[in-house]
Amino acid sequence: MELGAGTRGAIMSKREERLFRSQTTRNANHIFSRDEAVQYTLEPDGELSDLEIEDEEDLDYEEDDNDLDWNPPVDPSLEYNVDEDDLPLSSLTHVHIVNRSASPPPYPLVASVISDPSTSGTATPFQSSSSREFRWRKQNFESPDVTWKSSLPPPPPEIPTPIEYFKQMFDDDMVERILFQSNLYAMQKEGVQLKVTNKEMGQFLGIHMLMGIIKQSTMSQHWNRATRFPLIADVMPRDRFKTLRRFFHANDNHLAVPKGQDGYDSLFKLRPVIDGLQASLTKIPAEERQSIDEQMVPFKGKLRFKQYLKDKPHSWGIKIFSRAGASGIIYDFEVYTGKSSVSVTELGQEAEVVLRLAEEIPRNKNFKLFFDNYYTSIPLIR
């Protein structure tokens, strides 16, 4: 495209015009590309060369979509870009000009919320990241102090036994609650006395964990003569194990809120166990680097909030949002029971999950929290 003399005088400084004339004198028939033309209108540092702002109060910051001649004010600290690479040079304005330097700028682009003309000139704290609501500015980067200001306790003098580790998560109070509720349910359901003891309930829970490691096609095979597993069969008779499974309970059914009413909880029957586990996990000394993500508990039975995630190792199951450390230890979790069970604000459902799981992280200690693009948004980062 050719650059006319009228356009040159409007956008070029004297020094640039002399450079332009010396170039065109050598080759009068030279046709300037868009990038070459833009290069002549920019100073080496990428700012506009000859456009000065005399009085900032005279600038009109309100955009009118119906005004075709609307020309936004120039801020030398802004970097502008354009998607239409085939625009004629005569139609280019300073909002289209971009510094096309091959090397990236030595400063970050910082987003600050600006007002949308449709919102009466005020910007709300949390908005979607549209071009009208965020203005990216060049700003010198100052590295903050990210030194971790917490620490982990020294290792114990003796390694705890497996049962001691288990009781840190599943303490005696929780076992006592399950013991009481199971006896209560047996009386409510069939008027029988279950007479389960604390020791027997501990054995019952331990058998279930062993069955998750030593797997057989049916539970009864652990007691069958050909496939008998002594660590299970010698601890509890088969019929007694089935009776405990039948009446196993952790909460009083008479206190449950009916479905459809305010306060209904899909996890009511397990709520004491979930709350107890969450309280125990938050007592574990936290690592510096933690991550929030979802995980699947494999399950293919009948359940209203069962999920299917094709990209997970176990596609069918119960989805749990969890916050874990770099070592793999979980510090907090939240069971997903459907969209209706998750509070949604202007931040969005995914951002609310991050904020809820991060509530127990000690403040002002420079912990590092990671999460992937499923949860990430500009309002959440702000």
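Remember, predicted model here, so these are calculated numbers, not experimental data.

S.K.: Can you explain the confidence of the model for the protein chain? Please cite residues and give values.
M.R.: Considering every residue of the protein chain, the mean pLDDT works out to 76; 64% of them sit at 70 or more. Strand β7 (residues 368-370) holds the highest mean pLDDT among the elements of the protein chain, 96, whereas helix α1 (residues 5-11) holds the lowest, 48. Note that residues 1-10 has pLDDT below 50 and, in this model, 14 contacts with residues that lie over four places away or in other chains. Counted against residues more than four places away or in other chains, residues 113-130, with its pLDDT under 50, gives 32 contacts.

S.K.: Pulling in residues and values, what's your account of the pattern of salt bridges?
M.R.: Per the stated rule, a full pass over the model turns up nine salt bridges. Linking Asp275 and Arg271 is a salt bridge whose minimum nitrogen-to-oxygen distance equals 3.9 Å. Of this pair, Asp275 and Arg271 both sit in helix α9 (residues 271-281), four residues apart, which is roughly one turn of that helix. Residue Arg271 is classed as partly exposed on the basis of its relative accessible area, which comes to 24%. One continuous salt-bridge network, built from bridges that share partners, spans Asp265, Arg271 and Asp275.

S.K.: Give me helix α8 (residues 238-247): which residues, what numbers.
M.R.: Of all the positions in α8, only Phe241, Leu244 and Phe247 are classed as buried. Along the axis of α8, the buried residues cluster in a sector spanning 140 degrees; they form a single face. Away from the buried face of α8 by more than 90 degrees, exposed residues Asp239 and Arg246 are located.

S.K.: Which residues make up the packing of aromatic side chains, and what values go with them?
M.R.: Taken as a whole and judged by the stated rule, the model has 10 aromatic pairs. With a centroid separation of 5.3 Å and 40 degrees between ring planes, the pair formed by Trp223 and Phe241 is classed as tilted. Linking Trp223 in the loop between α6 (198-213) and α7 (230-233) with Phe241 in helix α8, this pair joins segments that are 18 residues apart in sequence. Judged by relative accessible area, which is 15%, Trp223 ranks as buried. Aromatic rings pair up to connect Phe204, Trp223, Phe241 and Phe248 into one cluster. Between Lys319 and the ring centre of Tyr336, over which it is positioned, the NZ or CZ distance is 4.5 Å.

S.K.: Got a sec to walk through the pairing of strand β3 (residues 289-298)? Specific residues and values, please.
M.R.: Where β3 and β7 come together, three bridges link them in parallel fashion. Residue pairing in the sheet places Arg289 in a bridge with Lys368 of β7. With nine bridges connecting them, β3 and strand β5 (residues 316-325) associate as antiparallel partners. Note that in β5 the partner of Glu294 across the bridge is Phe321.

S.K.: Give me the lowdown on the side chain of Gln290, citing residues and values where you can.
M.R.: Residue position: Gln290 is located in strand β3. Take Gln290: its relative accessible area is 2%, and that puts it in the buried class. Contacts of Gln290, omitting those with residues within four sequence positions, involve Arg323, Ala324, Gly325, Tyr331, Ile361, Phe367, Lys368, Leu369 and Phe370.

S.K.: Just give me the short version of the nonpolar core, but keep the residues and values in it.
M.R.: One finds Phe170, Phe204 and Phe241 to be the most contacted residues of the largest nonpolar core, which totals 24 residues. Of all elements in the fold, only α5 (172-190), α6, α7 and α8 reach the threshold of two or more residues within this core. Ranked by residue count, the leading element in this core is α5, at six residues. Each residue touching Phe241, except ones within four places of it in the same chain, is listed here: Phe204, Ile207, His208, Met211, Met219, Trp223 and Met236. Residues Phe321, Leu347, Val353 and Leu380 belong to the second largest nonpolar core, which totals 10 residues.

S.K.: Help me get a handle on α5, residues and values and all.
M.R.: Spanning 19 residues, α5 covers 27 Å between terminal C-alpha atoms, matching the ideal 27 Å at 1.5 Å per step. Of the residues making up α5, those classed as buried are Met174, Val175, Ile178, Leu179, Gln181, Ser182, Tyr185 and Ala186. Packing partners of the buried residues in α5 comprise α4 (162-169), α6, α8 and α9. Count one or two residues on from α5 and you reach Gly191, which has phi positive near 70 degrees.

Rules used throughout
Residues numbered from 1 in each chain as written. Predicted model: local features only at pLDDT ≥ 70, side-chain atom pairs only at ≥ 80, totals over all residues. Heavy atoms only, no water. pLDDT = per-residue confidence, 0-100. Helix = DSSP H or I, 4+ residues; strand = E, 2+ residues; numbered from the N terminus. Contact = heavy atoms within 4.5 Å. Salt bridge = Lys/Arg side-chain N within 4 Å of Asp/Glu carboxyl O. Buried < 20%, exposed > 50% of the residue type's maximum accessible area, 1.4 Å probe, protein only. Arc of directions from axis to C-beta. Phe/Tyr/Trp six-rings, centres within 6.5 Å; stacked < 30°, edge-to-face > 60°. Lys NZ or Arg CZ within 6 Å of the ring centre and 35° of its normal. Pairing = 2+ DSSP bridges. Core = buried A, V, L, I, M, F, W, Y, C linked by side-chain atoms within 4.5 Å. Expected span 1.5 Å × (residues − 1).

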